[in-house]
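Geometric and topological summary
The lines below spell out each chain.
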Amino acid sequence: MVLTLPTGCFCYMEQDQAAVGPRTDRGDRSDTRDYQQADIKYLSGGKQWKRTSSKSLKKVLSEVKEFLSYLELWRHDIHSIEGKFGTGIQSYFSFLRFLVLLNFIIFILMFSFVTLPSIISKYGMFNSTFAKIPPKNIEPHCTVYEPSGSKGLAYFYNYLKDLLSGTGFLEMTSLFYGYYTIDAAWISIMRYNLPLAYLLTTVAYLALSLIWIITRSMEGFKQNLVHAEDQFQSYCNKVFAGWDFCITDPNAARLKHRSLQYELQTDLEEERLKRKIADRTTQEKLRIYSLRIFINIIVLAVLLGCFYCIYRATVYSQENSKDVSNMNFLVNLLVQYLPSMVITMANFIAPQIFLFLIRFEDYSPAFEIRMILLRCVFVRLASIGVLLFSLWSQISSCDTDKCKACGYNYELYPCWESEVGQEMYKLMIFDFIIILAVILFVDFPRKLLVSHCSCKLVQWFGLKEFQISDNVLEIIYGQTICWIGTFFSPLLPAIAVVKYFIIFYVKKISLIHTQKPAARPFRASSSNFFFLVVLLIGLILAFVPLGVSIAHIPSSKACGPFRNFNTSWAVVPDTILEFPKVLQQVLYGIASEAFAVPFFMVICLVMFYFIALARAHKRVAEQLKEQLAMEGRDKQFLIRKITEAQRHP
């Protein structure tokens, strides 16, 4: 039986088996098994052993994979969320689990290669010692570093302030860069170069993050290519394959019905807009493009205003946070957290302005969502860059000869890497506090009001929707902070693991009891790919400040493993000088233009080859689609002819 659709798509449904005849699948499988067993008998002993070993290995690997799936973190919780709310919201929690695992691996790397050797050598464990090489050709005033902290009797609120800001008793712990002042450690007879290990571990966790994200995003990219079909196939997929069979909750089922209805309405709206765009006159095009240019100027002005406020807040905080004599505990804490509060306000206010302005730009619903998300991503991630730029402008500000001799503002920032680490620490802590505060003091009271108050205004507001995109941007913002801050605060990934671990359960409870799924859902098939693409943007943006800090800004001469080097990167050529001459020449040759230019050309040729290959595969896929459609039409024609022949024998 053939079901013909108005769009030209078709699908086949099996007829009653009794009308066709008895099934022979079981007999066919039995015959195939007999042929395989007979084939094995005639194989040589070596080939029989190889085939048997291969089957046994596959069986063992399958059982191990099944066993490991039971050990997967939050397996039951995520399946429960998937059953109640569908795969769209489930993808957010799966993404959160991925970040927990990623940060745990980064923590293991930093702790194993940086923190643990320092602790072992400082406490003399395993017959270990350490060496501190005094800085050479450095002015004595550049090496003075007295960590801030309470002298004498300290009150509880001082400890609380230090815990929230990373100063005082936390400043010289292994949490921050200033703790790692060892130049080399001897564990038994092995010499451990801590500065080189510190730099290489930083490069390793960035490379690991990049490779892992790209690997995970490939599957989503393939799904996106599949979903980038024409509207005819999209319509068929929504009608015949759009239902999420993981849903078991009746409310979630009703929501899925509304979701499919919304997607179909969105497709129709996009088609209507396409026709409207095609019918626009020159005057209408000029008007809409002029309006979009004007609105984008307003958006740019909003962004510049946010960035200027962040810059001024950072400068004011850095200039006044050290002066605690004329401030009480609360005022000093507010001054230290001023940049974090301004960034949070910018992340809240700017998206609301963008949401209002985009209504006048006359975009399609899908493009409208992408444009808002793009602007929100830029605000969240660029605000971190503005904060770091503000810090660097203060660190590099030198007006005296003494300051220029050090290469940085040694009076305000004797250990500037720890200061940057403290700012990243405060951003992460404040972001965590805001997430918890919104859920506890906004979402839960709103739930109580909606449940127990019959006021029309309250019922009109209703429960808060669980916006997947906003929640994802929230945790990607925190992950970008972690990537940047790990170089300046090696144990920051451990804090991120604890933070995301708590957020998982808090968000789960909030979703079940105080929120409802969004009426305008995110497409579940492409959500994972979108999450990873935005995460990749955050990682690429993290490369910029880390690269500037490592290769351009002079390292502190009073603390840290790089105090004997002009920059952190200088440890690499210094280490290469200890290699044999032949190896030095090979490495210098690889780093020279004579190698780099041909290598770049070869990479370009390989890239062009794969692009051409992908285009060829795309053409073949299109031809196969056309062939399948033609075969479907041929089958319809033959079935009609057979039906006519049966009617008129």
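Keep in mind that what you see is a predicted model, and the values were worked out from it rather than measured.

**Here we look at the overall build of the protein chain**
A count of helices and strands for the protein chain gives 22 helices and seven strands. The proportion of buried residues among the 649 residues of the protein chain is 41%. Counting contacts in the protein chain only where the partners sit at least 6 residues apart, residues at least 24 apart contribute 76% of the total. Per element, the accessible surface of the protein chain, about 37,900 Å² overall, is 65% carbon and sulfur.

**Here we look at helix H15 (residues 416–452)**
Between its first and last C-alpha atoms H15 spans 53 Å; for 37 residues at 1.5 Å apiece the expected length is 54 Å, and the two agree. Along its length, H15 shows its largest kink, about 25°, at Ile439.

**Overview of the environment of Arg375**
As for its position among the elements, Arg375 is in helix H13 (residues 365–395). Separated by 20 residues in the primary sequence, Arg375 and Leu355 place their C-alpha atoms 10.0 Å from one another. When near neighbours in sequence (up to four residues on either side) are disregarded, Arg375 contacts Asn296, Val299, Phe354, Ile358 and Glu361. A polar side-chain atom of Arg375 sits 3.1 Å from a polar atom in the side chain of Glu361.

**Digging into the confidence of the model for the protein chain**
Residues of the protein chain with pLDDT of at least 70 account for 81%, and the chain-wide mean is 78. Here helix H1 (residues 17–20) is the element of the protein chain with the lowest mean pLDDT, 37, and helix H18 (residues 492–513) is the one with the highest, 91. With pLDDT under 50 throughout, residues 1–29 is counted as low confidence; its partners more than four residues away or in other chains account for 32 contacts.

**Overview of the packing of aromatic side chains**
Going through the model one piece at a time under the given rule, you end up with 25 aromatic pairs. Aromatic side chains Trp74 and Phe504 sit 3.8 Å apart centroid to centroid with 5° between the ring planes, which places their arrangement in the stacked category. Of this pair, Trp74 sits in the loop between helix H3 (45–70) and helix H4 (75–85) while Phe504 sits in helix H18, and the two are 430 residues apart along the sequence. The two residues Trp74 and Phe504 agree in class, both being buried. Consider the rings of Phe504 and Tyr505, whose centres lie 5.4 Å apart with planes at 80°: the pair is edge-to-face. A residue is classified by how much of its surface remains accessible, and Phe504, at 0% relative accessible area, is buried.

**Describing the UniProt feature "transmembrane region" (unreviewed entry) in the protein chain**
In the numbering adopted here, UniProt assigns the feature "transmembrane region" (unreviewed entry) to residues 98–120, 196–215, 293–314, 334–360, 372–392, 424–442, 529–553 and 586–611. Its end C-alpha atoms 30 Å apart, residues 372–392 is made of 100% helix and 0% strand. Across residues 586–611, helical content stands at 96% and strand content at 0%; the span's end C-alpha atoms are separated by 32 Å.

**Some remarks on the pattern of salt bridges**
Taken as a whole and judged by the stated rule, the model has six salt bridges. Here Lys508 and Asp77 are joined by a salt bridge, their closest N and O atoms 2.6 Å apart. Of the two residues, Lys508 sits in helix H18 while Asp77 sits in helix H4, which places them 431 residues apart along the sequence. In this pair, the class of Lys508 matches that of Asp77, namely buried. In this structure, the salt-bridge partner of Lys499 is Asp431, at a minimum N-O distance of 2.7 Å. Taken as a pair, Lys499 in helix H18 and Asp431 in helix H15 lie far apart in primary sequence, 68 residues in all. No difference in accessibility class separates Lys499 from Asp431, as the two residues are buried.

**Some points on the packing of H15 against H18**
Direction vectors running N to C along H15 and H18 enclose 10°, while the axes themselves pass 11 Å from each other. The orientation of H15 relative to H18 falls into the category roughly parallel. Only Leu492, Ile495, Ala496, Lys499, Ile502, Ile503, Val506, Lys507, Ile509, Ser510 and His513 of H18 make contact with H15, whose side of the interface consists of Met424, Tyr425, Met428, Ile429, Asp431, Phe432, Ile435, Leu436, Ile439, Asp443, Phe444 and Lys447. Looking at the contact of H15 with H18 residue by residue, the classes come out as 16 nonpolar, two polar and five charged.

**Some details on the side chain of Thr115**
Looking at where Thr115 falls in the secondary structure, it is placed in helix H5 (residues 87–122). In this structure Thr115 comes out as buried when scored by relative accessible area, which is 0%. If sequence neighbours within four positions are ignored, Thr115 has contacts with Met110, Ser174, Tyr180, Pro490 and Leu491.

**A closer look at the state of the cysteines**
Summed over all chains, the structure comprises one disulfide. Here Cys415 connects covalently by a disulfide to Cys559, the sulfurs 1.9 Å from one another. What sets the handedness of the Cys415 and Cys559 disulfide is the S-S torsion sign, and at about 90° it is right-handed. Taken together, the residues Cys415 in the loop between helix H14 (401–406) and H15 and Cys559 in the loop between helix H19 (524–551) and helix H20 (571–576) connect sequence positions 144 residues apart. Each member of the pair, Cys415 as well as Cys559, carries the same accessibility label: buried. The thiol of Cys455 is not disulfide-bonded; the next cysteine sulfur, from Cys453, is found 5.0 Å away.

**Comments concerning the nonpolar core**
Core analysis: the largest hydrophobic core is formed by 126 residues, its most contacted members being Tyr92, Phe93, Phe95, Tyr205, Trp483 and Leu535. Top contributing element to this core by residue count: H13, with 15 residues. Sequence-distant contacts of Phe95, that is, excluding residues within four places in its chain, are made with Val472, Ile475, Ile476, Phe531, Leu532 and Leu535.

**Observations regarding the environment of Thr215**
Relative to the helices and strands, Thr215 is located in helix H7 (residues 194–227). Thr215 gets classed as exposed once you look at its relative accessible area, which sits at 51%. For the pair formed by Thr215 and Leu532, sequence separation is 317 residues and the distance between their alpha carbons is 10.0 Å.

**Digging into a nonpolar patch on the surface**
Together, Phe579, Val582, Leu583, Val586, Ile590, Phe595, Phe599 and Ile603 make up a nonpolar patch on the protein surface, roughly 710 Å² of accessible area in all. Mapped onto the nonpolar patch, the elements with two or more residues apiece are helix H21 (581–591) and helix H22 (593–647). For the nonpolar patch, the element with the most residues is H21, which contributes four residues. Within the secondary structure, Ile603 is located in helix H22. Residue classification places Ile603 among the partly exposed residues on the basis of a relative accessible area of 43%.

**Things to note about the environment of Ile512**
Position of Ile512 relative to the elements: it lies in helix H18. For Ile512, a relative accessible area of 34% translates into the label partly exposed. When the C-alpha positions of Ile512 and Lys84 are compared, they lie 9.0 Å apart, and in sequence the two are 428 residues distant.

**Quick word on unusual backbone geometry**
Positive phi, normally seen in glycine, also occurs at Trp74, with a value near 60°. With a relative accessible area of 5%, Trp74 lands in the buried category.

**Remarks on the packing of helix H10 (residues 282–320) against helix H12 (residues 338–357)**
Put simply, H10 and H12 touch, their axes get as near as 9 Å, and they point 170° apart. It follows from the interaxial angle that H10 and H12 lie roughly antiparallel. Judged by residue contacts, Ile295, Ile298, Val299, Val302, Leu303, Cys306, Cys309, Ile310, Ala313, Thr314, Tyr316 and Ser317 of H10 engage Leu338, Pro339, Val342, Ile343, Ala346, Ala350, Ile353, Phe354 and Leu357 from H12. The residue makeup of the contact of H10 with H12, split by class, is 19 nonpolar, two polar and no charged.

What counts and how
Per chain, residues are indexed from 1 in the order of the written sequence. Selection of residues for local features in this predicted model requires a pLDDT of at least 70, selection of side-chain atom pairs for listing and counting requires 80 or more, and totals for whole chains, interfaces and linings are taken over all residues. Note that water and hydrogens are dropped before the side-chain values are worked out from all heavy atoms of the structure. Secondary structure elements are defined from DSSP: runs of H or I of at least 4 residues count as helices, runs of E of at least 2 residues count as strands, and each element is numbered from the N terminus. Using a 1.4 Å probe on the protein chains alone, a residue whose accessible area is under 20% of its type maximum counts as buried, one over 50% counts as exposed, and one in between counts as partly exposed. Any two residues having at least one pair of non-hydrogen atoms within 4.5 Å are treated as being in contact. Accessible surface area values rest on a Shrake-Rupley calculation with a 1.4 Å probe, where residue burial reflects the displayed protein chains alone. To estimate how far a helix should extend, the number of its residues minus one is multiplied by 1.5 Å. To get the bend at any residue, fit one axis to the seven residues that end at it and another to the seven that begin at it, then take the angle between the two axes. Here a polar contact is recorded for every N or O atom pair within 3.5 Å, except that within protein the pair must consist of a potential hydrogen donor and a potential acceptor, and residues adjacent in sequence are included only if both atoms are side-chain atoms. The predictor reports its confidence for every residue as pLDDT, a score running from 0 up to 100. The criterion for an aromatic pair is that two Phe, Tyr or Trp rings (for Trp, the six-membered ring) have centres within 6.5 Å, with stacked assigned to planes under 30 degrees apart, edge-to-face to planes over 60 apart and tilted to the rest. UniProt positions are given in the numbering used here, feature names are shortened, and annotations may be inferred rather than shown by experiment. Salt bridge, as used here: a side-chain nitrogen of Lys or Arg that lies within 4 Å of a carboxyl oxygen of Asp or Glu. Every angle, taken between N-to-C directions, lies between 0 and 180 degrees, and every axis is a line fitted to C-alpha atoms, over only the stretch in contact when it is a helix. Note that the term roughly parallel is reserved for angles under 35 degrees, roughly antiparallel for angles over 145, roughly perpendicular for angles of 65 to 115, and oblique for everything else. The nonpolar class holds Ala, Val, Leu, Ile, Met, Phe, Trp, Tyr, Cys and Pro. Asp, Glu, Lys and Arg form the charged class, and all remaining residues, Gly among them, are polar. Working definition: a disulfide is two cysteine sulfur atoms within 2.5 Å of each other. We define a nonpolar core as any set of buried Ala, Val, Leu, Ile, Met, Phe, Trp, Tyr and Cys residues linked to one another through side-chain atoms lying within 4.5 Å. Any residue with relative accessible area above 30% and no salt bridge may belong to a patch, with like charges joined within 9 Å and the nonpolar Val, Leu, Ile, Met, Phe, Trp and Tyr side chains within 5 Å.

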